[in-house]
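# Tertiary structure, described
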Amino acid sequence: MSATPDHRTIKPLTRHAVGRLAAGLLAVAALAGPAEARARTKRPGAAPAATVAVDYSINLAGLPIGTARLGGSFDRERYVMDVSAVLTGLVGAITGGKGSARASGTFAAVPQPGAFSIATHTASSGIAVRMALARGNVVQAEITPPLVDMQDRVPVTPANTRGILDPVSALLMPTQGRGEPLDPENCNRTLPVFDGATRFNVVLSYAETRPVQKPGYAGQVLVCNARYQAVAGHRPDRPGVKFMEDNREMSVWLAPVEGTRVLLPLRISVLTTVGTNIIEATRWTQGGTAGTTGTAGAEPNATSVAQASLPGQ
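The rules behind the values
Residues numbered from 1 in each chain as written. Predicted model: local features only at pLDDT ≥ 70, side-chain atom pairs only at ≥ 80, totals over all residues. Heavy atoms only, no water. Helix = DSSP H or I, 4+ residues; strand = E, 2+ residues; numbered from the N terminus. Buried < 20%, exposed > 50% of the residue type's maximum accessible area, 1.4 Å probe, protein only. Polar contact = N/O pair within 3.5 Å; in protein donor to acceptor, adjacent residues only side chain to side chain. Contact = heavy atoms within 4.5 Å. Core = buried A, V, L, I, M, F, W, Y, C linked by side-chain atoms within 4.5 Å. pLDDT = per-residue confidence, 0-100. Salt bridge = Lys/Arg side-chain N within 4 Å of Asp/Glu carboxyl O.

## Digging into unusual backbone geometry
- The residue after threonine 144, namely proline 145, is reached through a cis peptide bond having omega -5°.
- Tracing the backbone shows proline 145 in the loop between β7 (137–144) and β8 (173–174).
- Even without glycine at this site, alanine 61 takes up a positive phi of about 55°.
- Despite not being glycine, arginine 135 has its phi angle at roughly 50°, a positive value.
- Tracing the chain through its elements places arginine 135 in the loop between β6 (126–134) and β7.

And the structure:
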């Protein structure tokens, strides 16, 4: 695959409406059911990859609406992460909402994704996004089915697709500053996210350090405030965009993955127009080279998601 962006593939994505894609990504970021990062094939005698699995509950305005799982495998500077979600209860019965996503790549100071895929489904529709990247630069991308073109969208330029994080890789926070996992500096970062159609920043800043106890995890976490900044691909006059840019009620709790230089979300809280959406860990499980924080090793892979390879790759 060429390292030069294929503008014939990417250009149509920059003009489409964000609505359907945002709904699909939200289904994965805030819904879902089981998926696990696959263990990487190892040389004889080599140490196994560190793995982690985090189960989440999803509540909106105080009501349970779904479950989610994040599964990660970290082999030196390489990572594979799966996220899946499913709506449950009355909301699930009405919408049939579920989704799964996978990202892989390398990380040092920041993640550098190499592949990303996501597929979401409701009772009436479905959407899939695939991206291939070279060190965080998008080289191919496609959305199926294509999104409807909207003329009032801020154009996405080729520069907007370089040095980016996909929505799953954005959940991976390598330690920075002095390299200590609970250094407040680990909160102070800007995540440049591109989801295949829209480019936005999530700006994190340190709020506090607090103790947390969950099944499989007991210890301190970093609490980071979060802000949303629209960059491109959005419709600036839409009320939802303005609401999110003005939103001061967003935060994420970051917990260290033992034996790695990685922090992952233990809790995400976002005020929406219909109430506060809280995604909170209900179980934390570690395995591989990393020590556990209280439960047995990560479960074996049971469900895989669509690969992010594209034709001609």
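## Comments concerning the side chain of asparagine 160
- Examined against the element boundaries, asparagine 160 turns out to sit in the loop between β7 and β8.
- Residue asparagine 160 is classed as buried on the basis of its relative accessible area, which comes to 14%.
- A polar side-chain atom of asparagine 160 sits 2.8 Å from the main-chain amide nitrogen of threonine 157.
- Among all residues touching asparagine 160, those that are not within four sequence positions of it are Pro155, Arg199, Val231 and Ala232.

## Re the nonpolar core
- Judged by nonpolar contacts, the single largest core of 46 residues is most densely connected at Phe74, Leu264, Leu266 and Trp284.
- Here the element with the most residues in this core is strand β3 (residues 78–87); it accounts for five residues.
- Each residue touching leucine 264, except ones within four places of it in the same chain, is listed here: Val52, Leu70, Phe74, Met81, Leu171, Leu172, Trp253, Leu254, Ala255, Val257 and Trp284.
- Judged by nonpolar contacts, the second largest core, of 18 residues, contains Met173, Ala226, Met250 and Leu263.

## Side note on the confidence of the model for the protein chain
- Mean pLDDT over the protein chain stands at 80; residues scoring 70 or higher make up 75%.
- Residue range residues 290–313 is modelled with pLDDT below 50. Its contacts to residues more than four positions away, or to other chains, number 71 contacts.

## Looking at the environment of leucine 90
- On the secondary structure map, leucine 90 appears in helix α3 (residues 89–95).
- Between the C-alpha atom of leucine 90 and that of isoleucine 65, which follows or precedes it by 25 residues, the distance is 7.9 Å.

## Some points on the pattern of salt bridges
- Scanning the model with the defined rule gives nine salt bridges in all.
- Between arginine 261 and glutamate 77 there is a salt bridge whose closest N-O contact spans 3.4 Å. Linking arginine 261 in the loop between β12 (250–256) and β13 (262–272) with glutamate 77 in the loop between β2 (63–75) and β3, this pair joins segments that are 184 residues apart in sequence.
- The residue arginine 235 makes a salt bridge to aspartate 152 at a minimum N-O spacing of 2.9 Å. Of this pair, arginine 235 sits in the loop between β11 (217–232) and α4 (239–246) while aspartate 152 sits in the loop between β7 and β8; the two residues are 83 residues apart in sequence, bridging distant segments of the chain.
- Arginine 235 gets classed as buried once you look at its relative accessible area, which sits at 15%.
- According to the relative accessible area criterion, aspartate 152 is partly exposed, its value standing at 39%.
- Here the residues in one salt-bridge network are Asp55, Arg69 and Arg283, joined through shared partners.

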